[in-house]
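Examination of the molecular architecture
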Amino acid sequence: QIRDIFSDMKYLLGKTESDMEHLVKATYYVTSATASSELNQLRPEFYNPRRPPSASKASVHGTGNPNLPISMDMIAVTLK
């Protein structure tokens, strides 16, 4: 599920004339240690290690959707 969220975000950024390199802030809300660990493993696949966004992660009891173990709040800039 977390990989799907990152893939969707990459697609949406492309639609708004931006990309993963132009994310400036990421806040992750995770509901379990498993989701937190998976996030830590996937981040390097989607972000340039020389230019990752500033990030915060918080453990929460729920994300508003019982089927999702994570919620993300992202800020990006456009390329134009």
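For the structure given in this document, a descriptive report is provided here.

Some thoughts on the overall build of the protein
- Along the backbone of the protein there are 2 helices and 3 strands.
- Put simply, the protein runs from its N terminus to its C terminus through helices and strands in the order α-β-α-β-β.
- Structurally, the protein occupies a C-alpha span of about 40 × 25 × 15 Å along its principal axes.
- Across the 80 residues that make up the protein, the buried fraction comes to 28%.
- Approximately 5200 Å² of the protein is accessible, and the part contributed by carbon and sulfur atoms is 51%.

Focus: the sheet that holds strand β3 (residues 70–76)
- Spatial ordering of the open sheet is given by β2-β1-β3, a layout of 3 strands whose pairing is mixed. Each of the sheet's edge strands pairs with one partner strand only, and the pair in question is β2 (54–59) and β3. Mean inter-strand twist for the sheet, computed between neighbouring axes without regard to direction, equals 10°.
- Across the sheet, helix α2 (residues 33–46) is in contact with β1 (23–30), β2 and β3; its angle to β1 comes to roughly 155°.

Observations regarding the nonpolar core
- In this structure, Phe6, Met9, Met20, Tyr28, Tyr47 and Met72 are the most contacted members of the largest nonpolar core, which totals 16 residues.
- Put simply, the parts of the chain that give this core at least two residues each are α1 (2–15), β1, α2 and β3.
- Setting aside residues up to four positions removed in sequence, Met9 forms contacts with Met20, Leu23, Tyr47, Met72 and Met74.

Brief notes about the side chain of Ser36
- Structurally, Ser36 is set in helix α2.
- Here Ser36 falls in the buried class, since its relative accessible area comes to 17%.

Focus: the packing of aromatic side chains
- All chains considered together, the criterion is met by 2 aromatic pairs.
- Between Phe6 and Phe46, the ring centres sit 4.8 Å apart and the planes meet at 15°, which makes this aromatic pair stacked. Taken together, the positions of Phe6 in helix α1 and Phe46 in helix α2 put the pair 40 residues apart, joining distant regions of the chain.
- Aromatic pair Phe6 and Tyr47: ring centres 5.7 Å apart, planes at 80°, arrangement edge-to-face. Residue Phe6 is found in helix α1, and its partner Tyr47 is found in the loop between α2 and β2; the two are separated by 41 residues along the sequence. Each member of the pair Phe6 and Tyr47 is classed as buried.
- Site record: aromatic cluster; members linked through ring pairs are Phe6, Phe46 and Tyr47.

Here is what the cut-offs are and how they apply
Residues numbered from 1 in each chain as written. Predicted model: local features only at pLDDT ≥ 70, side-chain atom pairs only at ≥ 80, totals over all residues. Heavy atoms only, no water. Helix = DSSP H or I, 4+ residues; strand = E, 2+ residues; numbered from the N terminus. Buried < 20%, exposed > 50% of the residue type's maximum accessible area, 1.4 Å probe, protein only. Areas by Shrake-Rupley, 256 points an atom, 1.4 Å probe, with all protein chains shown as cover. Pairing = 2+ DSSP bridges. Axes fitted to C-alpha atoms, helices over the stretch in contact; angles between N-to-C directions. Contact = heavy atoms within 4.5 Å. Core = buried A, V, L, I, M, F, W, Y, C linked by side-chain atoms within 4.5 Å. Phe/Tyr/Trp six-rings, centres within 6.5 Å; stacked < 30°, edge-to-face > 60°.

Everything listed here is a matter of geometry and, on its own, says nothing about what the molecule does.
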